[in-house]
Amino acid sequence: MSDLDADLLEIFIEEGRDILDHADGLIAQLREAPGDREPLVALQRDLHTLKGGARMAGIMAVGELGHAMETLLEAVAEQRTELGRDGVALLERGFDRLHAMVGRVAERRALAMPSNLIALFDARASGKPLPLPAAPAEAATSAEAPADAPAPQPAPTKVVPLKPLSAPIGEGPAAEEDDAATRAPQEMVRVRADLLDRLVNYAGEVAIYRARLEQQLGAFRAAIAEMAQTNTRLRDQLRRLEIETEAQIMARYQRQNDLGDEVFDPLELDRFSTLQQLSRALAESAADQASLQATLDDLTRQYETLLLQQSRVSSELQEGLMRTRMVPFEILLPRLRRVLRQAAGELGKQVQLKLEGAQGELDRNVLERMTAPLEHMLRNAVAHGLETPELRRAAGKPEEGTVRIALRREGSEIVLEIGDDGAGLNREAIRRRGEERGLIRPGAILSNVDLDSLIFEPGFSTAETVSRLAGRGVGMDVVAAEVRQLGGTVEIHSTPGQGTTFTLRLPQTLAVTQAVFVRIGETTFAVPIASVRGVGRVPRDRLEQPDATYRYGDEDYPIHDLGVLIGHAPAKAEGQLQMPLLLIRSGDLRAAVCIDQVVGNREIVVKPVGPQIASIPGIFGATIMGDGRVVVILDVAPLVRRHALLPRAEPVAPAPAVEQRRVPLVMVVDDSVTMRKVTGRVLERHNFEVMTAKDGIDALERMAERVPDLMLLDIEMPRMDGYELAGTMRNDSRLRDVPIIMITSRTGEKHRQRAFELGVNRYLGKPYQEPELMRNVFELLGMAREHE
């Protein structure tokens with residue numbers, strides 16, 4: 001490859017893969033109807049294009065094989081020979097070899113001339129009898145086969161992939177542009193995947209900023225409403241001022257008249273002096289302010305209209321970009337067909353592939369990450385599921401087994417079913433292997449669902465011997481892990497003697513989803529709506545019952561507490577007569593989760609949280625709210641499953657002599673907002689109640705209502721510093737006994753001595769070490785034993 005033009009190679013690789021994928025669909029049509037001329041002519045064109053591109057790029061081995069395959073198709077088209085089933089199988093073998101060769105070119109690995117395979121095509125084109133075809137694995141010569149590959153074993157192969165059925169995913173008639181695209185070919189543009197991902201991310205950022213603008217504009221609208229009320233109040237006060245001013249002037253005029261003074265009109269004596277002028281000027285200013293408020297109100301309405309229009313365009317832009325990330329599932333079919341053919345050929349089994357809804361679309365990232373798991377599931381279906389032709393014949397089944405792939409959309413989820421009509425899961429072998437590995441106790445009573453789920457354990461396999469396809473125990477655990485990382489679920493349905501079906505539920509896209517927002521304490525979480533069945537309420541007394549459930553849709557939902565599941569304080573739902581519930585459905589799992597409040601639902605942009613946080617069970621990602629807050633997206637099902645596996649503690653009645661201690665209250669006094677927040681969170685992590693103050697004056701005002709059990713005090717603060725506050729507290733009978741830990745950057749002996757003279761109990765420097773701080777806190781509160 002080193003002597004070839006790199007640019008030509010890249011062009012050939014890209015074009016070759018597209019041609020071969022297109023040809024795979026034509027082969028499926030030809031297998032269904034060998035006498036059909038249209039797929040035959042189309043295959044000729046594809047092979048001719050591939051041959052020309054290969055020779056131009058200098059890949060002569062691909063060109064020669066393509067030429068031999070084209071020669072066979074020409075002979076069939078000219079009716080010099082018949083294609084037949086054996087000819088279709090030979091074409092499949094040739095295209096599989098071309099796929100492998102193009103793959104080696106992409107890896108810049110050497111190619112050998114496939115002389116034996118070319119000879120088979122030449123013989124078939126000349127009408128000579130064709131020997132039994134060898135397994136596809138045999139096609140690789142020693143120059144192409146990997147060093148550790150076992151010797152290939154030839155075996156008769158009969159592969160019948162069926163034409164994809166029409167159950168395409170859609171919710172309505174095709175759009176006009178789709179019809180136009182059908183009538184006339186449209187120019188295609190190739191875009192790098194990383195650039196497209198960045199554009200989708202930017203569109204998500206625009207949506208976030210738009211939400212923030214909407215929130216700020218709402219606040220501006222509320223401020224204008226307050227301004228209108230203020231203007232009304234100002235006008236009323238000015239009117240009363242004018243009335244009072246005129247009353248005073250008239251009263252003065254009456255007094256002068258009563259005294260017999262020469263009467264002058266108030267205007268003649270300029271009685272409307274400074275006060276009257278000011279009131280008139282204020283009235284004019286109030287009118288100007290009202291006019292300005294009306295102008296702002298009108299501008300706000302215009303901004304709201306513009307923002308609404310921008311919102312529509314932004315949504316269409318985001319939807320369009322998301323559609324560019326969506327790819328039809330059928331582009332993966334050529335690869336899956338090859339995997340199935342190779343697996344069947346190696347094991348001497350006969351398989352046909354049935355497809356339903358292959359035109360449905362998935363997010364490109366979802367499809368890429370699910371490619372390897374799907375290939376493994378197909379190999380498993382052939383290796384573990386389907387019986388040999390002899391066993392199928394003895395069981396009254398057709399010798400040719402069936403593997404079915406069905407794709408459909410349910411809400412915001414894509415449902416992918418991979419099934420076979422084989423013998424079903426061998427539950428006896430699964431139980432035996434589970435007992436051998438210590439996964440279950442001997443004789444344990446398990447449901448079929450629990451027993452079947454053992455195949456998802458790492459390293460689990462029921463195969464007696466290790467082969468190229470099965471026996472290593474690496475596969476189904478990877479499938480389950482990948483599906484869980486995508487936020488999906490896997491279900492198993494197996495019937496002995498009839499087959500096994502795996503149902504995968506995957507998000508349609510990883511970038512945007514609908515979510516329900518719920519609140520626990522002061523924290524808000526988002527839950528993807530795909531896993532939410534509904535919401536409900538339950539009387540509080542029912543929560544006290546052991547193993548309480550909630551009935552919904554003829555199903556029982558065991559009740560859990562979301563606060564307990566995430567390690568938070570239990571849900572309280574204060575001010576509500578009944579406890580709100582979020583009903584979760586994920587595969588076979590049903591759960592009713594107690595929360596404090598359902599905040600609402602909206603479309604969110606899913607943001608990755610990094611490998612450290614993403615590895616924590618139950619965290620699907622995060623999103624950014626309109627006010628800039630980051631909200632964690634929860635996957636509730638793993639939390640419920642993990643909680644169900646925890647050992648239940650036996651209830652123990654507390655000894656009567658044990659004192660029930662209340663939660664200690666600690667006050668943090670520091671002028672730094674950061675120090676107050678950080679120290680407060682440290683204390684709250686250790687289950688302390690925290691109150692804060694920004695200086696000594698603020699602390700004294702707060703302690704007028706509640707006296708803390710302990711104070712953490714800084715020295716340098718405005719208004720009243722730490723020394724002054726400590727001295728004031730030691731002279732106050734209410735505050736004299738409150739322990740004080742002074743935390744300051746002033747670590748000199750002079751400052752330390754001054755603190756102890758004022759009665760400070762501990763003196764720590766900044767930055768403090770958390771273990772040291774908590775040790776002093778526990779000691780001063782008399783809780784050293786609990787700390788240990």
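Residues numbered from 1 in each chain as written. Predicted model: local features only at pLDDT ≥ 70, side-chain atom pairs only at ≥ 80, totals over all residues. Heavy atoms only, no water.

S.K.: It is not clear to me how the overall build of the protein should be interpreted in this structure. Could you clarify?
M.R.: Helices and strands together make up the secondary structure of the protein, namely 23 helices and 22 strands. Out of the 788 residues belonging to the protein, those deemed buried represent 42%. Partitioning the contacts of the protein with sequence separation of at least 6, the portion at a separation of at least 24 is 69%. Carbon and sulfur atoms provide 52% of the accessible area of the protein, an area that totals close to 42,900 Å². (Helix = DSSP H or I, 4+ residues; strand = E, 2+ residues; numbered from the N terminus. Buried < 20%, exposed > 50% of the residue type's maximum accessible area, 1.4 Å probe, protein only. Contact = heavy atoms within 4.5 Å. Areas by Shrake-Rupley, 256 points an atom, 1.4 Å probe, with all protein chains shown as cover.)

S.K.: Honestly, unusual backbone geometry in this entry has me stumped. Any pointers?
M.R.: Peptide bonds are mostly trans, and most non-glycine residues show a negative phi. The omega torsion of the bond from K766 to P767 falls at -5°, within 30 degrees of zero and hence cis. Here P767 is to be found in the loop between β22 (762-765) and α22 (770-780). Within the chain, R108 stands out as a residue other than glycine whose phi angle is a positive 60°. Among the secondary structure elements, R108 is positioned in the loop between α4 (84-106) and α5 (115-125). Phi is positive for N687, which is not a glycine, with a value near 65°. In this fold, N687 is placed in the loop between α18 (673-685) and β19 (689-693).

S.K.: Would you explain the pattern of salt bridges in this entry?
M.R.: Pairing is possible between side chains of opposite charge, provided their charged atoms come close. All chains considered together, the criterion is met by 42 salt bridges. Here E375 makes a salt bridge to R379, at a shortest N to O gap of 3.9 Å. Note that E375 and R379 are positioned in helix α10 (residues 364-385) at a spacing of four residues, about one turn of the helix. According to the relative accessible area criterion, R379 is partly exposed, its value standing at 29%. Here D421 makes a salt bridge to R392, at a shortest N to O gap of 2.9 Å. (Salt bridge = Lys/Arg side-chain N within 4 Å of Asp/Glu carboxyl O.)

S.K.: Help me understand the sheet that holds strand β15 (residues 597-605), please; the structure alone is not making it clear to me.
M.R.: One key point about sheets: their strands pair by backbone hydrogen bonds, in either a parallel or an antiparallel sense. Strand order in the open sheet formed by five strands is β15-β8-β9-β17-β16, and the pairing between neighbours is mixed. Looking at the sheet topology across the chains shown, the edges are occupied by β15 and β16 (619-624). Each strand axis lies, on average, 35° off the axis of its neighbour in the sheet, ignoring direction. Pairing geometry for strand β8 (residues 512-520) and β15, over eight bridges, is antiparallel. Its bridge partner lying in β15, R519 is registered against Q597. (Pairing = 2+ DSSP bridges. Axes fitted to C-alpha atoms, helices over the stretch in contact; angles between N-to-C directions.)

S.K.: Would you take a moment to explain empty space enclosed by the protein for this structure?
M.R.: To find leftover empty space, a probe the size of one water molecule is rolled over the atoms. Summed over all chains, the structure comprises four cavities of 30 Å³ or more. Taken as a whole, the second largest cavity holds about 70 Å³ of empty space. For the second largest cavity, the full set of lining residues is V668, V669, D670, M675, T679, L712, L713, D714, I743 and K766. Per-class residue counts for the lining of the second largest cavity are six nonpolar, one polar and three charged. (1 Å grid on protein atoms, 1.4 Å probe; cavity = no way out; pocket = protein on both sides within 12 Å on 5 of 7 lines; lining within 4 Å. Points joined across faces, edges and corners; volume = space filled by probe spheres on them. Nonpolar A, V, L, I, M, F, W, Y, C, P; charged D, E, K, R; others polar.)

S.K.: Looking at this model, I keep getting lost on a nonpolar patch on the surface. Mind explaining?
M.R.: Among the surface-exposed residues, V189, V191, L195, L199 and Y202 lie close enough to one another that they form a single nonpolar patch of about 450 Å² accessible area. By the element assignment, V189 lies in the loop between α6 (176-183) and α7 (193-258). (Patch = residues over 30% accessible without salt bridge, like charges linked within 9 Å, V, L, I, M, F, W, Y side chains within 5 Å.)

S.K.: What exactly am I supposed to notice about the environment of I249 here?
M.R.: Inspection of the secondary structure puts I249 in helix α7. On a C-alpha basis, the gap between I249 and Q276 in space is 9.6 Å, while along the polypeptide they are 27 residues apart.

S.K.: Looking at this model, I keep getting lost on the confidence of the model for the protein. Mind explaining?
M.R.: Caution applies to low-pLDDT parts of the model: their predicted coordinates are not meant to be read in detail. Taken as a whole, the protein shows an average pLDDT of 78; of its residues, 83% reach a score of 70 or greater. Residue range residues 168-185 is modelled with pLDDT below 50. Its contacts to residues more than four positions away, or to other chains, number eleven contacts. (pLDDT = per-residue confidence, 0-100.)

S.K.: What exactly am I supposed to notice about the packing of aromatic side chains here?
M.R.: For any pair of aromatic rings, the description rests on two quantities: the centre-to-centre distance and the angle between the ring planes. Across all of its chains, the model carries three aromatic pairs by this definition. Centre to centre, the rings of Y552 and Y557 are 6.2 Å apart; their planes meet at 75°, and the pair counts as edge-to-face. Between the aromatic rings of F688 and F778, the centroid separation amounts to 5.5 Å while the plane-to-plane angle is 55°, which identifies the pairing as tilted. With a gap of 90 residues between them, F688 in the loop between α18 and β19 and F778 in helix α22 connect regions that are remote in the sequence. Under the relative-accessibility criterion, F778 is labelled buried at 7%. The residue whose ring lies beneath R754 is Y723, and the NZ or CZ to ring-centre distance is 5.9 Å. (Phe/Tyr/Trp six-rings, centres within 6.5 Å; stacked < 30°, edge-to-face > 60°. Lys NZ or Arg CZ within 6 Å of the ring centre and 35° of its normal.)

S.K.: When you look at the sheet that holds strand β10 (residues 532-539) in this model, what are you seeing that I'm missing?
M.R.: Spatially, the five strands line up as an open sheet ordered β10-β13-β14-β12-β11, and their pairing is mixed. Whereas interior strands pair on both sides, the edge strands pair on one side only; in this sheet they are β10 and β11 (549-552). When strand polarity is set aside, the average angle formed by the axes of neighbouring strands in this sheet is 35°. Across seven bridges, the pairing between β10 and strand β13 (residues 578-586) is antiparallel.

S.K.: Would you take a moment to explain the packing of helix α3 (residues 60-77) against α5 for this structure?
M.R.: A pair of packed helices is captured by two measures, namely the crossing angle of their axes and the spacing between those axes. Packing of α3 against α5 leaves a shortest axis separation of 8 Å and a crossing angle of 15°. The orientation of α3 relative to α5 falls into the category roughly parallel. For the element pair α3 and α5, the recorded crossing hand is left-handed. Mapping the contact onto sequence places E64, L65, A68, M69, T71, L72 and A75 in α3 and L117, I118, F121, D122, R124 and A125 in α5. Class assignment of the residues belonging to the contact of α3 with α5 gives a composition of nine nonpolar, one polar and three charged. (Parallel < 35°, antiparallel > 145°, perpendicular 65-115°, else oblique. Left-handed = near helix turned anticlockwise from the far one by under 90°.)

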